[in-house]
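# Examining the three-dimensional arrangement
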Amino acid sequence: MNVSSQGADYAGQIAAANRFLREHDHYLVVSHVNPDGDAASSTYAVGLVLRKLGKSYTLVNEGAIPDKFHGISSEQNVKSWKNGELSDAYTYVICVDCADYSRVGEVQDGIAPEAHILNIDHHATNDRYGEINVVREDAASTTEVLFDLIEQMGLEMDLPLAQCLYTGLLTDTGGFRYANTSPRVLQIASRLIGIGVNGSLLAERYLEKITLSHIELLKRSLSTLKLHANGKIALLYVTTDDIAASNASDEDLEGLVNYPRNIDGVEVGLLFKQRAHDTVKVSFRSAGQVDVSLVARSFGGGGHKRASGCTIQGSIEEAIQQVVAEIEAALA
Ligand SMILES: [Mn+2]
């Protein structure tokens, strides 16, 4: 598992990241708003790396890390910017799983404009906003990139660290099922299980368990199912009323987009989530024919070829009309 196979540039960035982590102190580690399993795992993993190096550090997210992710690294705490838990100013910042700087959300206000940023990510749309950019587009998760970094740094891969890296791989590959599940992903997963990671326990905790609110929301959203383009586009939507009536949080919305995507014959599955009266978040999932990162980008969003997202100003009806038209064009 040699990083040099990724080219001199990647190896050089890994080396630069190694120096960045060893030469300074008092780091801030931040991932994207509404963190998923990879974002949370990567945040915790970088914390463990800094701890091994004897550095002081603070982990932060714009909001609170969802309860279910606390167990990824239970002895570490991620502060919430929105709850006012970040007071210091930071000069050395590590952004994980953020394709662009705006993904850190309001945490930007706690980062000095002259701060030195290490950007560690795997999104193809990453715009290299850091001073150092360790971006591996063929990596399944940011934790896969962190695996490269940790190996290159010569740090011991102990169980707490292995558990973080495995959780990112597990969640960003949908349980080692998505197309990003490369031979290398399985080799790394095998190594981590060899260290003692309990794969079935983590799969149950992070992939199988669902909340009652999620089921309530699913019940409501399924009644909105609509097909377009001769069954190649399928969509669901949820309104702010649905979310309130289901007592649902952002976490409870996760996975809903898989239902339209999984319908036989569907090329693009969509979920429209009303955020406010005139703000709609859209999740895109592609079966492969359409590069949905391009579609999302045309609306100011981003992501991967098969999974992306954007936010549209307007009513749900308007957002559906615009997005469906754009995908119909991409299908043609
Ligand atoms: Mn990720």
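All of these numbers come straight from a predicted model, not from anything done at the bench.

### A few points about the nonpolar core
Ranked by size, the top nonpolar core spans 53 residues in total, and within it Leu21, Ile94, Leu118, Ile120, Val134 and Leu192 carry the most contacts. If near-sequence neighbours (up to four positions away) are discounted, isoleucine 120 is found in contact with Ile94, Cys95, Val96, Asp97, Val134, Thr142, Val145, Leu146 and Leu149. Formed by 22 residues, the second largest nonpolar core is a distinct cluster that contains Val268, Val290, Phe299 and Leu331.

### Observations regarding the coordination of the manganese ion
For the manganese ion, the protein coordination sphere consists of Asp38 (OD), Asp97 (OD), His122 (NE2) and Asp172 (OD), at 2.2 to 2.3 Å. Ordering the donors of the manganese ion by residue number gives the pattern D-x58-D-x24-H-x49-D. Of the two residues, aspartate 38 is situated in helix 2 (residues 37-52) and aspartate 97 in the loop between strand 4 (90-96) and strand 5 (111-121); the sequence distance between them amounts to 59 residues. In terms of burial, aspartate 38 and aspartate 97 fall into one category: buried.

### Regarding the sheet that holds strand 9 (residues 268-276)
Paired through backbone hydrogen bonds, the strands of a sheet run either parallel or antiparallel to each other. Strand order in the open sheet formed by 6 strands is 7-8-9-10-12-11, with mixed pairing between adjacent strands. Of all strands in the sheet, those with a lone pairing partner are strand 7 (226-228) and strand 11 (302-303), marking the two edges. Sheet topology places strand 8 (residues 233-238) next to strand 9; 6 bridges connect them, and they run parallel. Residue alanine 234 lies in a different strand from strand 9, and its bridge partner there is glycine 269. Contacting strand 7, strand 8, strand 9, strand 10 (279-286) and strand 12 (307-313), helix 12 (residues 316-331) runs over the sheet at an angle of about 160 degrees to strand 8.

### So, the sheet that holds strand 5
Overall, parallel pairing links the 6 strands, which are arranged 3-2-1-4-5-6 in an open sheet. Where the open sheet ends on each side, the last strands, each with one partner, are strand 3 (78-80) and strand 6 (132-135). Direction aside, neighbouring strands of the sheet carry axes that sit 30 degrees apart on average. Contacts between helix 1 (residues 8-23) and the sheet are confined to strand 1 (27-31), strand 4, strand 5 and strand 6, with strand 6 contributing the most and set at about 125 degrees to the helix.

### Some words on the state of the cysteines
In total, this model carries 0 disulfides according to the counting rule given. Unpaired in this structure, cysteine 95 has its nearest cysteine sulfur neighbour in cysteine 98, at a distance of 5.3 Å. Take cysteine 95: its relative accessible area is 0%, and that puts it in the buried class. Left without a disulfide partner, cysteine 164 is nearest to the cysteine sulfur of cysteine 98, which lies 17 Å away. Given a relative accessible area of 0%, cysteine 164 falls into the buried group.

### Observations concerning the side chain of serine 31
Looking at where serine 31 falls in the secondary structure, it is placed in strand 1. Overall, the relative accessible area of 0% leaves serine 31 in the buried class. Polar contacts involving the side chain of serine 31 include one to the side chain of threonine 43, which spans 3.4 Å. A distance of 3.1 Å separates a polar atom in the side chain of serine 31 from a polar atom in the side chain of asparagine 61. Ignoring anything within four residues of it in the chain, the contact list for serine 31 reads Ala39, Thr43, Val60, Asn61, Val96, Cys98, Arg103 and Val104.

### With respect to the pattern of salt bridges
Summed over all chains, the structure comprises 12 salt bridges. Here aspartate 158 makes a salt bridge to lysine 52, at a shortest N to O gap of 2.8 Å. Placement of the pair is aspartate 158 in the loop between helix 3 (142-153) and helix 4 (159-172) and lysine 52 in helix 2, with a sequence separation of 106 residues. A salt bridge links aspartate 138 to arginine 136; the shortest N-O distance between them is 2.8 Å. For aspartate 138, a relative accessible area of 45% corresponds to the partly exposed category. Judged by its relative accessible area of 4%, arginine 136 falls in the buried class.

### A short note on the packing of helix 3 against helix 5 (residues 183-195)
Contact geometry for helix 3 and helix 5: axes closest at 11 Å, N-to-C directions at 60 degrees. In terms of orientation, helix 3 and helix 5 fall into the oblique class. The chirality of how helix 3 crosses helix 5 is left-handed. Across from Glu144, Phe147, Asp148 and Glu151 in helix 3, the residues of helix 5 making contact are Arg184, Val185, Ile188 and Arg191. Here the residues of the contact of helix 3 with helix 5 are counted per class, giving 3 nonpolar, no polar and 5 charged.

### What about unusual backbone geometry?
Located in the positive-phi region is phenylalanine 176, a residue other than glycine, with phi close to 60 degrees. Within the fold, phenylalanine 176 resides in the loop between helix 4 and helix 5. Although it is not a glycine, asparagine 247 adopts a positive phi angle of roughly 55 degrees. Along the polypeptide, asparagine 247 turns up in the loop between helix 8 (240-245) and helix 9 (250-253). For asparagine 247, a relative accessible area of 64% puts it in the exposed group.

Procedures and definitions
Residues numbered from 1 in each chain as written. Predicted model: local features only at pLDDT ≥ 70, side-chain atom pairs only at ≥ 80, totals over all residues. Heavy atoms only, no water. Core = buried A, V, L, I, M, F, W, Y, C linked by side-chain atoms within 4.5 Å. Buried < 20%, exposed > 50% of the residue type's maximum accessible area, 1.4 Å probe, protein only. Contact = heavy atoms within 4.5 Å. Donors = N, O, S within 2.8 Å, 3.2 Å for Na, K, Ca; no water. Helix = DSSP H or I, 4+ residues; strand = E, 2+ residues; numbered from the N terminus. Pairing = 2+ DSSP bridges. Axes fitted to C-alpha atoms, helices over the stretch in contact; angles between N-to-C directions. Disulfide = S-S within 2.5 Å. Polar contact = N/O pair within 3.5 Å; in protein donor to acceptor, adjacent residues only side chain to side chain. Salt bridge = Lys/Arg side-chain N within 4 Å of Asp/Glu carboxyl O. Parallel < 35°, antiparallel > 145°, perpendicular 65-115°, else oblique. Left-handed = near helix turned anticlockwise from the far one by under 90°. Nonpolar A, V, L, I, M, F, W, Y, C, P; charged D, E, K, R; others polar.

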